[in-house]
Amino acid sequence: MKLLTHNMLTSNIIKGVSKGFPLKIVASKVEEKEVDFVPEFTARMIPKIDWPALRQAAADLGKPDNLPENVVEKYEENEEFLKKTHHVLMELEVLEGELICPETGRKFPVSNGIPNMLLREDEV
Amino acid sequence: MAASIGKSCTRTILVHFAHEHTDFRIPELQSILGLFHIEATVPKECLKEAHIKCKESFKYQVTSFNKKLNKERKLQIIEDLPHETLAFEGPVDLKNPQHEYHIIEDYGSLLGQPTEAPQQVYFAKWIADGQREKINEFHLQKRHFIANTSMDAGLSMVMSNLGQVQSGTLIFDPFVGSGSLLVSAAAQGAFVMARPSRANVKQRSDDESVRANLRQYGLESHYIDILVADSSRVNMWREQPLFHSIITDPPYGIREGAKRIEKSEKHIAQRTEYHLSDIFMDLLNFAARYLTLNGRLEGMSDAELHVDHFQESTFRDMYFKESNL
């Protein structure tokens, strides 16, 4: 699971949960994998990103210093900033671990890099 | 034979005449233009002359469909051309010609059974190559991991185009199988995410995954994630227009059955049938929330179906009484 995906996921599917975001990451296995840098894609994603949640996620993975506190102005033209963002969004992968609902503490497993967001029948 | 009209506006138009009365072509065109008060510059002669007299290098190329022709035959075809008419004034250049003229012989469409003589012979100028080769490049026969409903490579590309998949955008397939649609989308430069149609992704070996299929084509960088989720729970995502296109081949129960998780009184039946009308409704709900402005939802349907619960059940009963849905 890349942090781009994590930044989009909520646990609002659980009955009674309305602000299941961001999910806390407890990772037991993280991998850094080089991914081709496509600046236009990264720039397109930035407005969709919840920035504090992304920084928190990076911190959860033990990579807290990579991102500035806020999205910089004219980020489209700032290659250094785009590269840093690209690295955090695309190159850090949670292979094994758990995503934890901030409201209920319900744990969603991440196994083999794939998050499993299915609920049990008594939770829906 | 054709005549070009141009200059009056910035466009050049190619006019193709179907009739054979060559002497009347230009006068007829001029008359019609006059009738509709269209201002246009019509050349005095048809394009043929311009081509022949342009003095630029050229070559002939013989291509055949449904039959292989040997070198001698091809040469013969070129020699048999009416060289009095095709009296190109430019030099022949076989390596780097400025113009290529193709003689295309069509030996019918019965594969392996060419007609005795060509059904049609075309003479045409080469303008540009198409992208048909891509179908071979992405052919399912060469793909490592395929499922029983993998989408044909050509059709996947058509769906990518219909879904206006663009380079550098994020694409989602909420019912992915082996990822054929995503391979096409990634080949166009898009980044792909998906939710598997079936939850058993973990049972597959490492090299049998959507990711491995993308890797096979050197497209792994365009893989974002696969996540196991219930497609009927659209609020799993943060409210935000995330996806530029959603392209999918949903399980209508015809080729691949659909299941979803539902609350059960008895705690036995964890999964219930996922009706077609519900699939549509969930897809539309999902698209309405998460597609970017002017984004596209593109879905493949196997048959003409009515999104009507009664009709759908009847349809299913008719065809799938014995199935394991």
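A brief report on the enclosed structure follows. Keep in mind that what you see is a predicted model, and the values were worked out from it rather than measured.

Observations concerning the overall build of chain B
- When you go through chain B residue by residue, the secondary structure sums to nine helices and 12 strands.
- Out of the 325 residues in chain B, the part that is buried amounts to 40%.
- When the accessible area of chain B is evaluated, it comes to approximately 19400 Å², of which 52% is carbon and sulfur surface.

Points about the sheet that holds strand 5 (residues 120-125) of chain B
Residues and elements named next belong to chain B.
- Strand order in this open sheet of three strands is 3-4-5, and the pairing throughout is mixed. Each edge of the open sheet carries a strand with a single partner, namely strand 3 (58-65) and strand 5. Taking each pair of neighbouring strands and ignoring which way they run, the sheet shows an average axis angle of 15 degrees.
- The pairing of strand 4 (residues 99-106) with strand 5 spans six bridges and is classified as antiparallel. Residue pairing for strand 5: Glu 105 is matched across the bridge by Val 121.

A short note on the side chain of Asn 213 of chain B
All names here are of chain B.
- Checked against the element boundaries, Asn 213 lands in helix 7 (residues 210-216).
- Assessed through its relative accessible area of 0%, Asn 213 is described here as buried.
- Looking at Asn 213, its side chain comes within polar contact range of the main-chain oxygen of Ser 178, at 2.9 Å.
- Excluding residues within four positions of it along the chain, Asn 213 makes contact with Arg 143, His 144, Phe 145, Ser 178 and Val 183.

Some remarks on the pattern of salt bridges
- Taken as a whole, this structure holds 11 salt bridges over all chains when the rule is applied.
- When the shortest N-O distance is used, the salt bridge between Lys 63 of chain A and Glu 32 of chain A registers 2.5 Å. Highlighted residues: Lys 63 of chain A in the loop between helix 3 (51-60) and helix 4 (79-91) and Glu 32 of chain A in strand 1 (residues 24-32), separated in sequence by 31 residues.
- The class for Lys 63 of chain A is partly exposed, based on a relative accessible area of 27%.
- We classify Glu 32 of chain A as partly exposed; its relative accessible area is 44%.
- Residue Arg 211 of chain B pairs with Glu 220 of chain B through a salt bridge whose shortest N-O separation is 2.9 Å.
- Salt bridges sharing partners connect three or more residues here, namely Lys 2, Lys 33 and Glu 93 of chain A together with Arg 211, Arg 215 and Glu 220 of chain B.

Re the sheet that holds strand 4 (residues 114-115) of chain A
Residues and elements named next belong to chain A.
- Read from one edge to the other, the open sheet built from four strands follows the order 1-2-3-4, with strand pairing classed as antiparallel. With partners counted over all chains shown, the strands left at the sheet margins are strand 1 and strand 4, one partner each.
- One ladder, built from two bridges, connects strand 3 (residues 107-111) with strand 4; its direction is antiparallel. Within strand 4, the position partnered with Ser 111 by the bridge is Ile 114.
- Across the sheet, helix 4 touches strand 1 and strand 2 (92-100), and the angle it forms with strand 2 is around 60 degrees.

Description of the nonpolar core
- Ranked by size, the top nonpolar core spans 57 residues in total, and within it Leu 4 and Leu 99 of chain A together with Leu 170, Met 193, Trp 237 and Phe 243 of chain B carry the most contacts.
- Ignoring anything within four residues of it in the chain, the contact list for Phe 243 of chain B reads Leu 170, Ile 171, Phe 172, Met 193, Trp 237, Phe 286, Tyr 290, Leu 291 and Thr 292 of chain B.
- The next biggest cluster of nonpolar side chains, apart from the first, holds 27 residues, and it includes Ala 153, Met 159, Ala 190 and Leu 214 of chain B.

Quick notes on the pairing of strand 2 of chain A
All names here are of chain A.
- Taking burial as the measure, the nine residues of strand 2 include seven buried ones, the bulk of the element.
- Bridge analysis of strand 2 against strand 3 gives four bridges, and the strand direction is antiparallel. Its bridge partner lying in strand 3, Ile 100 is registered against Lys 107.
- Counting the residues that bridge the hairpin from strand 2 to strand 3 gives six residues, and of these Gly 105 lies at a positive phi of roughly 80 degrees.

Concerning the packing of helix 5 (residues 153-162) of chain B against helix 6 (residues 180-187) of chain B
Residue and element names in this part refer to chain B.
- Two numbers describe how helix 5 lies on helix 6: the axes approach to 8 Å, and their chain directions differ by 60 degrees. Compared by their axis directions, helix 5 and helix 6 come out oblique. Crossing angle aside, the handedness with which helix 5 passes helix 6 is right-handed. For the pair helix 5 and helix 6, contact is made by Ala 153, Ser 156, Met 157, Met 159 and Ser 160 and by Ser 180, Leu 181, Ser 184 and Ala 185, respectively.
- Grouping the constituent residues of the contact of helix 5 with helix 6 by class yields five nonpolar, four polar and no charged.

Conventions used here
- Residues numbered from 1 in each chain as written.
- Chains lettered and ligands numbered in written order.
- Predicted model: local features only at pLDDT ≥ 70, side-chain atom pairs only at ≥ 80, totals over all residues.
- Heavy atoms only, no water.
- Helix = DSSP H or I, 4+ residues; strand = E, 2+ residues; numbered from the N terminus.
- Buried < 20%, exposed > 50% of the residue type's maximum accessible area, 1.4 Å probe, protein only.
- Areas by Shrake-Rupley, 256 points an atom, 1.4 Å probe, with all protein chains shown as cover.
- Pairing = 2+ DSSP bridges.
- Axes fitted to C-alpha atoms, helices over the stretch in contact; angles between N-to-C directions.
- Polar contact = N/O pair within 3.5 Å; in protein donor to acceptor, adjacent residues only side chain to side chain.
- Contact = heavy atoms within 4.5 Å.
- Salt bridge = Lys/Arg side-chain N within 4 Å of Asp/Glu carboxyl O.
- Core = buried A, V, L, I, M, F, W, Y, C linked by side-chain atoms within 4.5 Å.
- Parallel < 35°, antiparallel > 145°, perpendicular 65-115°, else oblique.
- Left-handed = near helix turned anticlockwise from the far one by under 90°.
- Nonpolar A, V, L, I, M, F, W, Y, C, P; charged D, E, K, R; others polar.

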